[in-house]
Amino acid sequence: MGVFVGREHELTSLAEIVDAPALGQAAAAVVVGDPGSGKSRLLAETAARVRSRHLFRVVGYEPESEVPFASAAELLKALADGPQGRRLDALVFGADEQASPLEPLRVFEAAHRALRAVGPAIVLVDDLQWVDGLTLALCHYLLRAAETSGEPLGLISFARPSPNATAFSESLLQLLPAERLRRLELGPLSSDEALELVKALAPTLDDLAARELAAKSGGLPFWLEALVRTTGGEAEAGRLVSGRLRGASADAAALVALLAIGARPFALADAAVLSGWEPQRAEQAARELIGRGIAVESAGTLRLAHDLIRAAATRELPPDRRRDIHRRLGEWLAETAGTSVRRLGEAVRHRHAAGVPSLDLATRLVQSPQRRLLGPDGLRLLAAIADEADPLDPEALALHTGVASLATELAEHEEARERWLLVAERAESPVRQASALLEASRAAYGLARAPEARELLVRSRRIEVDDDVVRLEQDTHESAILLWLEQRTGEGHALARRAVAAATRLATRSGGGKALAARGRRAYIEALRVDYEAAVMRGDLEAMLNSAEAREAAARGFELEAYLTASLAVCLALRQNGRLQEAIDRGRRVWLEAERRVLPRLLVDAGFWLARSLALKGDLVEAERVVRQAAGVAARAGDVPRARHRIARAVCAIALERGRPDETLERLEETDEPNEHQRIMLHGDLALWHGRLRGSASEASVLEHVAKGHACADAVGCLRCGAELLLFTAEALARVGRREEAREALSRWEALGVREVLDDILRLHVGALVEVDPATRAVGLGAALEAAAEQGFGLAALWIRLDLGRALADAGDERAVAELERVAAGASERGATTVLELAEQALRSLGVRTWRRGAAATLLTEREQEIVRLIAAGASNPEIAQRLFLSRKTVERHVSNVLRKAGVRNRTELAARVGELEIEGLHR
């Protein structure tokens, strides 16, 4: 239909979303309407108004609604062909060398990078109600990534009323501000608009007949156009299709049937193959359908003109005809699928619908390198096929095993547990029975069901097997249960050590870790991982490093992600053993490789540890850059910490050092951390920084967070976190004048015996702070400073030197000024703005002038500089809030920070000295 009438409000709203990317914004719209309400025509009109050359499409098809990335195939292919699409192409369409298992997040992140490279873009989503789950998640990921990264993207989706449309719309409400989100419901055209459309389609029709057709259509554009075509004779989809096919050839009817069951566009060459025709015969049938308004041709493919036509044509087909077409589609797709999980998934679903046994195809699918893309929906389909098969068929057992393995990989622990128990019951080999029960125990472990995990492990052990790898796996798993579920740390560590010894003997007999078969090598790596975790819990630094290095060596050349994860463990162990530069070099290699290979979760882990190591050295500028990038990935991919804190802790820790302490401390106070383990050091951070920034004035806050932190530590029982908290507690208490309690905390820390090299330096630092006599304090701080400098812990050295300068000042020692000036110079060089401010504050208290032209501007954040520019222009706080889309409270906090950093008391003084700030773009 070439005519478009009405929908002015909708077009205006959608035009705002289309224009948003050109303004550098992310925006979205969801358009919902009943079949026939004109969604497709509105989409076409919207697309015609897109000025950007970067227009991408996503289309949902009913039979593929559970096929992973089926709807995104066109989008992914277009992005893979783009300027930064090489990695996406390798992941989705090629064979990624040394590939890690292809998780959806890797595809999402690679697609985001490829889309970011093309610049402002629009994504149009048609038939959202049938978009598969992974494509829906991809669309949400791309939009969330654009919003959190400040990148330009417009996404407009069209859907029938459906759960998909509702869920997607509600998710966008949590993602975008109201001014950049539109939710539109398409109703019928008004009577005047319907009449106008009739006149446009049939200009020779008299007014009375035109009004009758407009009324008969109910204002729905599809039916109005259909009635005009048939002069008012057809107002029901089935009769409409029959009427339009009346007099058509049998080939045309057969092609309609194929298009209806396939429910997606087909290239004419493919339609010919599926129908067993010569190409010319398919072209003739297509021309008939196009001429009768049943089908349309676009970009070399043929599809039915409207979904109502498809639904009606499908209903008219006899069941045996439907099954025959499903069978042909399934066989054709199976022949051309290769290892593509998308095409294999389509083939399985068509054969399943045809009632054709699909065990062989389902097994191919579950063994595909891309199997994780199937997700829970694909897992359920494969489980259904396995359940329908003959229980005694060996192929059925193989499929059950594959389904169980996939459930384990997808962390669908309940399904995995049930499937592994079924495999254990039906398997004939004792080794397979014992292994299946062990996997069931691991699933129970994943569900944190300690008694069940142990009971299933006991059942696995009862089966006598002559298999060293199974016994190794059992020991390793039991040590994990002891360590993490039963908190029997000593027993868990002892068993982990025995497992590693057994694994080493096994590797030696096999000619070394690399010579082990894949199953044995994986068990060896897992044993070393659990041994490493046991060493971390016990604070055994030497054992940590030995286990980490052995694990890295075993994983080299095996599985990329396993190797990089082991290498990251080496990074942490090196750092805790005081080999800071080696830790940074190792962490940076993992970080860069995770970035190159698009491994989002590993990228966040590596960013966390690399940023922390850089910060300890004092390279705060690079640490901030790394942690910001890692936090950006975590914001879109999710933060799933394992044996570390959330990335937000590292972000805040570096922000506190970089000169935004007040607002960061406020953000920390407002953090809602659900994990009690992670709350231990959240309270530790708060206690420490309240003490550092506000001294004795923060005594009440320090005591509150110390009490809360230790309550969490007692509940969790983690020795390592408890020890770290005691050091933070001791420093915080010393800074608020509670010296005796600080000494007691240090004594408790000593008794635990859990420490790393940096901890010994912190112990010297805090031990000096608790001294009442400033001269004695200065001597202790000098020793701590020497130790920090020798080990390369630059940031700790800055804080110690700051305290040394203060102590010398308290003692009346003339060296205080020189020491504090050295602190200021070192802090300025390293980007440690908070230490710089505190050092200059101490210098001013000694009568030393610290104001330097332009110095304050280097301390201000970009947001604070914006606010200075507006203050200089005479804007009030309410006006600033309106201009920058901030709350008044936030503006007040920023203004307060600006005044403090500039060293002035009020806006008048700031205005008087604003010329000295040297802020780029400031009117003078």
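The model shown is predicted, which means the values in this text are computed figures rather than measured ones.

S.K.: Would you mind showing me how to read the overall build of the protein here?
M.R.: Counting secondary structure elements, the protein contains 47 helices and 8 strands. Over its C-alpha atoms, taken along the principal directions, the protein stretches across nearly 110 × 85 × 40 Å. In the protein, once contacts between residues fewer than 6 apart in sequence are set aside, the share between residues at least 24 apart is 67%. Approximately 39100 Å² of the protein is accessible, and the part contributed by carbon and sulfur atoms is 50%. The average position of the 123 basic charges and that of the 134 acidic charges among the side chains of the protein differ by 2 Å.

S.K.: Help me understand the sheet that holds strand β2 (residues 55–59) in this model?
M.R.: Note on sheets: strands pair through backbone hydrogen bonds, and any given pair is parallel or antiparallel. Taken in spatial order, the 5 strands make up an open sheet running β2-β3-β4-β1-β5, and their pairing is parallel. Each edge of the open sheet carries a strand with a single partner, namely β2 and β5 (181–186). On average, adjacent strands in this sheet sit at an angle of 15 degrees to one another, irrespective of strand direction. Summarising the sheet, strand β1 (residues 26–33) and strand β4 (residues 153–159) pair through 7 bridges and their orientation is parallel. If you follow Ala-26 over to β4, its bridge partner there is Leu-153.

S.K.: Looking at this model, I keep getting lost on the environment of Glu-109. Mind explaining?
M.R.: Inspection of the secondary structure puts Glu-109 in helix α5 (residues 104–118). Each C-alpha atom of the pair Glu-109 and Leu-184 lies 29 Å from the other, and the pair is 75 residues apart in sequence. When sequence neighbours within four positions are dropped, the list of residues in contact with Glu-109 reads Tyr-141, Val-598, Pro-600, Val-633 and Arg-636. Side chain to side chain, Glu-109 and Arg-636 meet in a polar contact 2.8 Å long.

S.K.: Would you take a moment to explain the sheet that holds strand β6 (residues 266–267) for this structure?
M.R.: Taken in spatial order, the 3 strands line up as β6-β8-β7 in an open sheet, and their pairing is antiparallel. Of all strands in the sheet, those bounded by a partner on one side alone are β6 and β7 (295–298).

S.K.: Could you clarify how one ought to interpret empty space enclosed by the protein in this entry?
M.R.: To find leftover empty space, a probe the size of one water molecule is rolled over the atoms. Throughout the structure, instances matching the rule amount to 3 cavities of 30 Å³ or more. In this model, the largest cavity occupies a volume close to 70 Å³. Lining the largest cavity are 11 residues, and of these Phe-4, Val-5, Arg-41, Leu-189 and Pro-221 sit closest to its centre. Residue composition of the lining of the largest cavity, by class: 7 nonpolar, 2 polar and 2 charged. When residues of the lining of the second largest cavity are traced back to their parent elements, those giving at least two are α5 and α30 (600–617). Looking at the lining of the second largest cavity residue by residue, the class counts come to 3 nonpolar, no polar and 4 charged.

S.K.: What is the right way to read the packing of aromatic side chains from this model?
M.R.: Any pair of aromatic rings gets described here by the distance separating the centres and the angle formed by the planes. One pass over the structure, following the stated rule, counts 5 aromatic pairs. Here Phe-69 and Phe-108 contribute two aromatic rings whose centre-to-centre distance is 6.1 Å and whose plane-to-plane angle is 90 degrees, an arrangement assigned as edge-to-face. Of this pair, Phe-69 sits in the loop between β2 and α3 (73–80) while Phe-108 sits in helix α5, and the two are 39 residues apart along the sequence. By relative accessible area, Phe-69 is classed as buried at 5%. With centroids separated by 5.6 Å and ring planes inclined at 80 degrees, the aromatic side chains of Trp-689 and Trp-799 adopt a geometry described as edge-to-face. One end of the pair, Trp-689, is in helix α34 (residues 676–694); the other, Trp-799, is in helix α40 (residues 794–810), with 110 residues separating them in the sequence. In this structure, Trp-689 and Trp-799 share a single accessibility class: buried. Grouping aromatic residues by their ring pairs yields a cluster made of Phe-69, Phe-108 and Tyr-141. Taking the ring centre of Phe-93 as reference, the NZ or CZ of Lys-77 above it sits at 5.1 Å. Arg-692 extends its terminal NZ or CZ atom over the ring of Trp-689, reaching a point 5.0 Å from the ring centre.

S.K.: Where do I start with the pattern of salt bridges in this structure?
M.R.: Pairing between side chains of opposite charge can happen when their charged atoms approach one another. Applying the stated criterion across every chain yields a total of 83 salt bridges. With a closest N to O distance of 2.8 Å, Asp-685 and Arg-649 form a salt bridge. Residue Asp-685 is found in helix α34, and its partner Arg-649 is found in helix α32 (residues 647–657); the two are separated by 36 residues along the sequence. On the basis of relative accessible area, Asp-685 is assigned to the buried category, the value being 9%. Residues joined by salt bridges that share partners form a network here, namely Arg-454, Arg-461, Asp-475, Glu-478, Glu-486, Arg-488 and Glu-491.

S.K.: I would appreciate a short explanation of the packing of α32 against α34 in the present structure.
M.R.: Between two packed helices, both the angle of their axes relative to each other and the distance between the axes serve to describe the pair. In the contact formed by α32 and α34, the axes pass within 12 Å of each other and the chain directions differ by 5 degrees. In terms of orientation, α32 lies roughly parallel with respect to α34. Note on element contacts: α34 touches α32 through Met-681, Asp-685, Trp-689 and Arg-692, opposite Arg-649, Leu-656 and Glu-657. Split by residue class, the contact of α32 with α34 holds 3 nonpolar, no polar and 4 charged.

S.K.: Could you clarify how one ought to interpret the environment of Arg-883 in this entry?
M.R.: The residue Arg-883 is located in helix α45 (residues 877–884) in this model. Relative accessible area serves as the criterion here: at 59%, Arg-883 is assigned to the exposed category. The spacing of Arg-883 and Ile-867 is 16 residues in sequence and 9.9 Å in space, taken between C-alpha atoms.

S.K.: Sorry if this is basic, but what is going on with unusual backbone geometry here?
M.R.: As a rule of thumb, non-glycine residues mostly have phi less than zero, and peptide bonds are mostly trans rather than cis. Here the phi dihedral of Ala-263 falls at roughly 55 degrees; this positive angle occurs in a residue that is not glycine. The residue Ala-263 is located in the loop between α12 (250–262) and β6 in this model. Among the residues examined, Ala-263 registers a relative accessible area of 6% and is labelled buried. Positive phi, close to 50 degrees, is recorded for Gln-487, a residue that is not glycine. Mapped onto the secondary structure, Gln-487 falls in the loop between α24 (468–485) and α25 (489–509). Its relative accessible area of 48% is what places Gln-487 among the partly exposed residues.

S.K.: For this particular structure, what's the right way to read the packing of helix α35 (residues 699–716) against helix α36 (residues 719–735)?
M.R.: Running from N to C, α35 and α36 point in directions that differ by 170 degrees, and their axes come no closer than 10 Å. Judged by the inter-axis angle, α35 sits roughly antiparallel to α36. Between α35 and α36, the residues in contact are Val-702, Leu-703, Val-706, Gly-709, His-710 and Ala-713 and Gly-722, Leu-725, Leu-726, Thr-729, Ala-732 and Leu-733, respectively. Residue classes in the contact of α35 with α36 are distributed as 8 nonpolar, 4 polar and no charged.

S.K.: Looking at this structure, I do not really get the side chain of Asp-803. What am I missing?
M.R.: Inspection of the secondary structure puts Asp-803 in helix α40. Not counting chain neighbours up to four residues away, the residues in contact with Asp-803 comprise Arg-735, His-765, Leu-769 and Leu-781.

S.K.: I tried to follow the pairing of β4 on my own but got confused; where do I start?
M.R.: In summary, the side chains of a regular strand alternate between the two faces of the sheet. β4 sits mainly inside the fold: 7 of its 7 residues count as buried. Relative to β4, strand β3 (residues 121–126) is paired through 5 bridges, and the arrangement is parallel. The residue of β4 that forms the bridge with Ala-121 is Leu-153. The handedness of the β3 to β4 crossover, carried by helix α6 (residues 133–149), is right-handed.

S.K.: Any chance you could explain helix α39 (residues 774–791) here in plain terms?
M.R.: Since the α-helix packs 3.6 residues into each turn, any two residues three or four apart lie on the same face. The end-to-end C-alpha separation of α39 is 26 Å, in line with the 26 Å expected for 18 residues at 1.5 Å each. When α39 is considered as a whole, its buried residues turn out to be Pro-774, Arg-777, Ala-778, Leu-781, Ala-784, Leu-785, Ala-787 and Ala-788. The inward-facing, buried residues of α39 abut α37 (739–752), α38 (757–769) and α40. Backbone geometry just downstream of α39 places Gly-792 in the positive-phi region, at approximately 85 degrees.

Conventions used here
- Residues numbered from 1 in each chain as written.
- Predicted model: local features only at pLDDT ≥ 70, side-chain atom pairs only at ≥ 80, totals over all residues.
- Heavy atoms only, no water.
- Helix = DSSP H or I, 4+ residues; strand = E, 2+ residues; numbered from the N terminus.
- Contact = heavy atoms within 4.5 Å.
- Areas by Shrake-Rupley, 256 points an atom, 1.4 Å probe, with all protein chains shown as cover.
- Lys, Arg positive; Asp, Glu negative; His and termini not counted.
- Charge placed at Lys NZ, Arg CZ, Asp CG, Glu CD.
- Pairing = 2+ DSSP bridges.
- Axes fitted to C-alpha atoms, helices over the stretch in contact; angles between N-to-C directions.
- Polar contact = N/O pair within 3.5 Å; in protein donor to acceptor, adjacent residues only side chain to side chain.
- 1 Å grid on protein atoms, 1.4 Å probe; cavity = no way out; pocket = protein on both sides within 12 Å on 5 of 7 lines; lining within 4 Å.
- Points joined across faces, edges and corners; volume = space filled by probe spheres on them.
- Nonpolar A, V, L, I, M, F, W, Y, C, P; charged D, E, K, R; others polar.
- Phe/Tyr/Trp six-rings, centres within 6.5 Å; stacked < 30°, edge-to-face > 60°.
- Buried < 20%, exposed > 50% of the residue type's maximum accessible area, 1.4 Å probe, protein only.
- Lys NZ or Arg CZ within 6 Å of the ring centre and 35° of its normal.
- Salt bridge = Lys/Arg side-chain N within 4 Å of Asp/Glu carboxyl O.
- Parallel < 35°, antiparallel > 145°, perpendicular 65-115°, else oblique.
- Right-handed = clockwise from strand over helix to strand, strands pointing away.
- Expected span 1.5 Å × (residues − 1).

The quantities given are spatial measurements derived from coordinates; they are silent on function.
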